[in-house]
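Single-letter residue listing:
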Amino acid sequence: MTTKTRRLEVNRRSGWQSWLGPFFTSDVGMKWMMALTGIGLLGYVLVHMIGNLKIFIGPEDLDHYAESLRTLLYPIFPKEGVLWLFRIGLTAMAVIHIWSATVLTLRNWKARGKIRYDARRQYAAANYASRTMRWGGVLIALFVIFHLLDLTIGSANPDYVAGDVYNNVVYSFERWPVALFYVVTMVFLALHIYHGAWSLFQSLGLANPRYDSWRRWLAVALALAILIGNSAIPIAVQLGFLTVSG
Amino acid sequence: MNLTLRVWRQPRRGSEGAFKTYEVKDVSPDASFFEMLDQLNERLNDQGEEPVAFDSDCREGICGTCGVMINGSPHGPQSGTATCQLHMRKFNDGDTITVEPWRALAFPVLKDLIVDRSPFDEIIQAGGYISANIGAAQDANATLVPKPAAESSMDAAACIGCAACVAACPNSAANLFTAAKIAHLGLLPQGQPERYLRTVAMVETMESYFGSCTNFGECETACPKSISIDVIAWMNRDYVAAQWKNLRKQGQQA
């Protein structure tokens, strides 16, 4: 028996793909990377949400928390040093996640061929969440770009003042299209997590009939926590619970 | 029962195909789906027309030869059932039924409802066997097999290779088939010597023909043997383990 196999019509790998080695270019390997980076990004989304919920405690708490991120582990690390390590790590994870998804999607579209079933497919297991992973993911990526321009760089927010985190958030969400875009994206992020947090156990080979039932509940809990926790902020601004301070 | 059938007709591989509509009258509700198609073909023969070509062999749901898309469901509306075991009582008088071949780039239509499933043979050729010479028949207790391993292996071995999993998958992935074969052999003691080479060879052959898994779970519901997608998780884990284990054996390979 040999591991060298004849590669044919559908998913031929060449150039950079063969250079990267068989594991990282195999579908199974790329799904592993998607699952691992998915865990990392999900962890970030959770921590980001918990930190930002300080907005409900008060402007000083949020601004102080934001400042503390810049001086994390200072003076062992330079100011913003740890912050940049996180930023580089997150960007790398996002790139790997999106790159794998794109390569796999293109391979899958190719594998389907051109002719579709004429009768409407009667899907029995695929749900709205699993079927919106791709385009929902694109929406989330576009949102992240806007979100960075809006609240990190400030170029998409005319009232942006560096370091004035609380007021930046309030000014941004007082614009109703921004608040609506935010909430709609959170719905798709929740759907993405609902399928992803369940699915990653399957991709990593950790699925087991003994705990398959709590996998579903874990995914529901994570999706709802992200949806409710994050959407609460723009909704509170729109309803007038959070207003510009000092 | 009187039915209207919309059937995919295609004279040969690579030629243009199209749906053709046929009226089939006086179908017994006790007839199987293929007996109904046989009834249509008898009439087409009498009229001097080309009968509808479809694959079928054992007609008792164990050989894996048959399989068509019926109204958008692989093997039709009844779960855990191959097309040959589907009966017309699952349909209503006056129904219009659309019958199509499996669709995937790796499965070109050969004629009408028959597709070429030889990529499945290639996956099996890549490692779906045990080559260790076991000699003459030995005592059944000579090789000890843990009961849970025997049961899990047997669940996976129920796969008949009909390719409904590929037909059902929105990605045209063959993960359920390949994983069932890998789990079937990889769980047993006789499968251990070649386990990691087998897993890599079969997965990579699979990936050269088919799409990848996005965990929709459609294959599991389409499978006439109701094989669980848990075998796919097992394959995913074994493939990664195999890549590491095989690294150590690289020096032994030519």
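Reading the values: rules and limits
- Residues numbered from 1 in each chain as written.
- Chains lettered and ligands numbered in written order.
- Predicted model: local features only at pLDDT ≥ 70, side-chain atom pairs only at ≥ 80, totals over all residues.
- Heavy atoms only, no water.
- Helix = DSSP H or I, 4+ residues; strand = E, 2+ residues; numbered from the N terminus.
- Contact = heavy atoms within 4.5 Å.
- Areas by Shrake-Rupley, 256 points an atom, 1.4 Å probe, with all protein chains shown as cover.
- Lys, Arg positive; Asp, Glu negative; His and termini not counted.
- Charge placed at Lys NZ, Arg CZ, Asp CG, Glu CD.
- Phe/Tyr/Trp six-rings, centres within 6.5 Å; stacked < 30°, edge-to-face > 60°.
- Buried < 20%, exposed > 50% of the residue type's maximum accessible area, 1.4 Å probe, protein only.
- Arc of directions from axis to C-beta.
- Core = buried A, V, L, I, M, F, W, Y, C linked by side-chain atoms within 4.5 Å.
- Domains from an automatic or database assignment.
- Axes fitted to C-alpha atoms, helices over the stretch in contact; angles between N-to-C directions.
- Parallel < 35°, antiparallel > 145°, perpendicular 65-115°, else oblique.
- Left-handed = near helix turned anticlockwise from the far one by under 90°.
- Buried area = accessible area lost by both parts, 1.4 Å probe.
- Salt bridge = Lys/Arg side-chain N within 4 Å of Asp/Glu carboxyl O.
- Patch = residues over 30% accessible without salt bridge, like charges linked within 9 Å, V, L, I, M, F, W, Y side chains within 5 Å.
- Polar contact = N/O pair within 3.5 Å; in protein donor to acceptor, adjacent residues only side chain to side chain.
- Nonpolar A, V, L, I, M, F, W, Y, C, P; charged D, E, K, R; others polar.

Looking only at helices and strands, one finds eight helices and seven strands in chain B. Its C-alpha atoms give chain B principal-axis dimensions of roughly 65 × 40 × 35 Å. When contacts within chain B are restricted to residue pairs at least 6 apart in sequence, long-range pairs at least 24 apart make up 68% of them. In the form shown here, chain B has an accessible surface area of approximately 10,800 Å², with 49% of it arising from carbon and sulfur atoms. Charged side chains of chain B number 22 positive and 30 negative; the gap between the two group centres comes to 5 Å.

As a further point, take the packing of aromatic side chains. All names here are of chain A. Summed over all chains, the structure comprises 15 aromatic pairs over all chains. A ring pair is formed by F201 and W214, whose centres lie 6.1 Å apart and whose planes are at 85°; its orientation type is edge-to-face. On the criterion of sequence distance, the pair formed by F201 in helix α9 (residues 176-203) and W214 in helix α10 (residues 212-238) is long-range, its members being 13 residues apart. What makes W214 partly exposed here is its relative accessible area of 44%.

Glancing now at helix α2 (residues 118-127) of chain B. Residue and element names in this part refer to chain B. Among the residues of α2, P119, F120, I123, A126 and G127 are the ones counted as buried. One side of α2 carries all its buried residues, which in axial view fall inside an arc of 115°. On the buried face of α2, the contacting elements are α4 (164-168), α5 (175-186) and α6 (195-207).

Ranked by size, the top nonpolar core spans 108 residues in total, and within it F33, M88, F120 and F210 of chain B carry the most contacts. Take this core: its biggest share by element is 10 residues, from α9 of chain A. Both domains that furnish three or more residues to this core are identified here as domain 1 (3-111) and domain 2 (117-252) of chain B. In this view, M88 of chain B contacts M1, L3, V27, S28, P29, A31, S32, F33, M36 and I97 of chain B; residues no more than four positions away in its chain are not counted. Of all hydrophobic cores here, the second largest spans five residues; its members include M30, M34, V103 and L104 of chain A.

Residue and element names in this part refer to chain A. Close contact between helix α3 (residues 27-52) and α9 brings their axes to 10 Å; oriented N to C, the two are set at 135°. Here α3 lies oblique to α9, going by the angle between them. Considering only the axes of α3 and α9, their crossing is left-handed. Side by side, α3 and α9 meet where K31, W32, A35, I39, L42 and V45 of the first sit next to L189, I193, A197, L200 and S203 of the second.

All names here are of chain B. Domain parsing of chain B yields domain 1 (3-111) and domain 2 (117-252). On a C-alpha basis, the centres of domain 1 and domain 2 stand 30 Å from each other. Contacts between the two partners involve 18 residues from domain 1, matched on the other side by 19 residues from domain 2. Both faces considered, domain 1 and domain 2 share a buried interface measuring about 1,300 Å² in area, 61% of it formed by carbon and sulfur atoms. Of all residues in domain 1, W102, A106 and F107 bury the most surface against domain 2, accounting for 35% of the area lost on that side. Taken together, the links from domain 1 to domain 2 amount to one salt bridge. D55 is the partner of R117 in a salt bridge, and the nearest nitrogen-oxygen pair spans 3.3 Å.

All names here are of chain A. A cluster of nonpolar side chains, namely L106, W109, W135, V138, L142, V144, I145, L148, L149 and I153, defines an oily patch on the protein surface of about 980 Å² accessible area. Among the secondary structure elements, those contributing two or more residues to the nonpolar patch are α5 (81-112) and α7 (133-153). Take the nonpolar patch: its biggest share by element is eight residues, from α7. Along the chain, I145 turns up in helix α7. I145 gets classed as exposed once you look at its relative accessible area, which sits at 52%.

So, about the interface of chain A and chain B. Listed as interface residues are 52 residues of chain A and, on the opposing side, 57 residues of chain B. Buried surface at the junction of chain A and chain B, both sides included, amounts to about 4,500 Å², of which 53% is carbon and sulfur. At the junction of chain A and chain B, the tally comes to two salt bridges. The shortest N-O distance in the salt bridge between R121 of chain A and E218 of chain B comes to 3.7 Å. Our enumeration of links across chain A and chain B arrives at 25 residue pairs in polar contact (both at pLDDT 80 or more). Secondary structure elements with two or more residues in the side of chain A that touches chain B: α2 (22-25), α3, α5, α6 (128-131) and α9 of chain A. Residue composition of the side of chain A that touches chain B, grouped by class: 21 nonpolar, 15 polar and 16 charged.

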